[in-house]
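# A look at the structure
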Amino acid sequence: MKILNKIAIVAAFIFIGLNVTYAQTKAEKKAARQAEIKKMIDDQNFVFKANYALPMRGGTRPLTSDYDLTVSKDTIVSFLPYFGRAYVAPPPGTTDGGIKVNTTKFTYSSTPKGKSWNITIKPKEKNIADWRDVQTFNLSISQDGYGSLQVISSNRDPISFNGYVEARKSK
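Report on the accompanying structure. (Residues numbered from 1 in each chain as written. Predicted model: local features only at pLDDT ≥ 70, side-chain atom pairs only at ≥ 80, totals over all residues. Heavy atoms only, no water.)

### What about the environment of N155?
Considering the arrangement of structural elements, one finds N155 in the loop between strand 8 (146-153) and strand 9 (159-167). The class for N155 is buried, based on a relative accessible area of 8%. In the structure, N155 is positioned 67 residues away from V88 in sequence and 5.9 Å away in space, judged by C-alpha atoms. (Helix = DSSP H or I, 4+ residues; strand = E, 2+ residues; numbered from the N terminus. Buried < 20%, exposed > 50% of the residue type's maximum accessible area, 1.4 Å probe, protein only.)

Structure, rendered in structure tokens:
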């Protein structure tokens, strides 16, 4: 009986030791991920991957294809869907109604807010005649990398997206 008690005590110490080690490892991984997110935002080098679209009119829509907003120091590229009301008709025969921006002329500002960042991106190339004209990308990113993107256009209802950020793949 004494041997069983000793084995039980030793097993309990081993179990407690493994849990403490696992908790430290998990905390270290979380801290490393948060530092990585901060660096990506500070360096203007990340991709926002959209999982859900939240149009102004209608319900949330899960996105089954890859849609994203790529941010780098010199270029903004968006490939996002659009669901909502447009106030200017697209040109005849146009089937491309998404939010597509590819510009090197923009302003980028990042403001820390508690445990998140608020990022505002404003393309400078504005063409009011373009029915897809984007005025502002407002992006809120948590320290864990989850984010919400609101796209404000001059000729369409605003639309929001929920998703996450990840490192931009180098070409």
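### Topic: the sheet that holds strand 5 (residues 106-113)
If you walk across this open sheet you meet the nine strands as 4-3-2-1-9-8-7-6-5, and the pairing is antiparallel. Each edge of the sheet is formed by a strand with only one pairing partner; in this case those strands are strand 4 (99-103) and strand 5. Direction aside, neighbouring strands of the sheet carry axes that sit 20° apart on average. Bridge count between strand 6 (residues 116-123) and strand 7 (residues 134-142): six bridges; the pairing is antiparallel. Within the sheet, the bridge partner assigned to W117 lies in strand 7 and is I141. (Pairing = 2+ DSSP bridges. Axes fitted to C-alpha atoms, helices over the stretch in contact; angles between N-to-C directions.)

### Looking at the pairing of strand 2 (residues 61-71)
Here strand 1 (residues 46-55) pairs with strand 2 via seven bridges, running antiparallel. Paired with A50 across the bridge in strand 2 is Y67. From the end of strand 1 to the start of strand 2, which pair antiparallel, there are five residues, and G58 there has a positive phi angle of about 105°. Pairing of strand 2 with strand 3 (residues 76-80), which is carried by four bridges, proceeds in the antiparallel orientation. Bridge pairing links D68 to F79 in strand 3.

### Points about the packing of aromatic side chains
Across all of its chains, the model carries one aromatic pair by this definition. Pairing Y67 with F79 gives two aromatic rings, centres 5.4 Å apart and planes at 20°, and the pair type is stacked. Taken as a pair, Y67 in strand 2 and F79 in strand 3 lie far apart in primary sequence, 12 residues in all. Look at F79 and you get partly exposed, because its relative accessible area is 38%. The positively charged end of R156 is found above the aromatic ring belonging to Y82, 4.3 Å away from the centroid. (Phe/Tyr/Trp six-rings, centres within 6.5 Å; stacked < 30°, edge-to-face > 60°. Lys NZ or Arg CZ within 6 Å of the ring centre and 35° of its normal.)

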